[in-house]
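Here's the letter readout for the chains.
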Amino acid sequence: MSKKHSVFLLFLTIIYCWVMFFLIGSVVLLIMNLWKGNGFYFSQQQVKAAIVLSGIAGCGVGLRTWIFALIDKHKSRKSPS
């Protein structure tokens, strides 16, 4: 079974990674705020920073996995079975 590496799949991967990194970043911010003694408070600046940083990480991971999948696909066509 051959998977198609389409641009739609790329965008789905980026969105998935963005959401996962945002959730991980939010948990880390929550732990850091509890450790500092601020409680469950998130400032607007912290939320914006988490969104931007998770977007950067999500785009990087999504593009990297898509490019490596294309490289593997090209190598499998090139080498004889």
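Parameters at a glance
- Residues numbered from 1 in each chain as written.
- Predicted model: local features only at pLDDT ≥ 70, side-chain atom pairs only at ≥ 80, totals over all residues.
- Heavy atoms only, no water.
- Patch = residues over 30% accessible without salt bridge, like charges linked within 9 Å, V, L, I, M, F, W, Y side chains within 5 Å.
- Areas by Shrake-Rupley, 256 points an atom, 1.4 Å probe, with all protein chains shown as cover.
- Salt bridge = Lys/Arg side-chain N within 4 Å of Asp/Glu carboxyl O.
- Helix = DSSP H or I, 4+ residues; strand = E, 2+ residues; numbered from the N terminus.
- Buried < 20%, exposed > 50% of the residue type's maximum accessible area, 1.4 Å probe, protein only.
- Polar contact = N/O pair within 3.5 Å; in protein donor to acceptor, adjacent residues only side chain to side chain.
- Contact = heavy atoms within 4.5 Å.

Chemist: What am I meant to see in a nonpolar patch on the surface here?
Modeler: A grouping of V7, F11, I15, Y16, V19, M20 and L23 is seen on the molecular surface, where their side chains present a nonpolar patch of about 670 Å² in accessible area. Its place among the elements puts Y16 in helix α1 (residues 7-36). Overall, the relative accessible area of 53% leaves Y16 in the exposed class.

Chemist: Sorry if this is basic, but what is going on with the side chain of S54 here?
Modeler: Tracing the backbone shows S54 in helix α2 (residues 44-78). Accessibility expressed as a relative area gives 3% for S54, which makes it buried. Within the structure, S54 has its side chain in polar contact with the side chain of W18 (distance 3.2 Å). If sequence neighbours within four positions are ignored, S54 has contacts with W18, F21 and F22.

Chemist: Help me understand the environment of V27 in this model?
Modeler: Along the chain, V27 falls in helix α1. Relative accessible area serves as the criterion here: at 47%, V27 is assigned to the partly exposed category. Through-space distance from the C-alpha of V27 to that of L70 is 33 Å; in sequence the pair is 43 residues apart.

Note that every value here comes from positions in space, so none of it alone points to a role or purpose.
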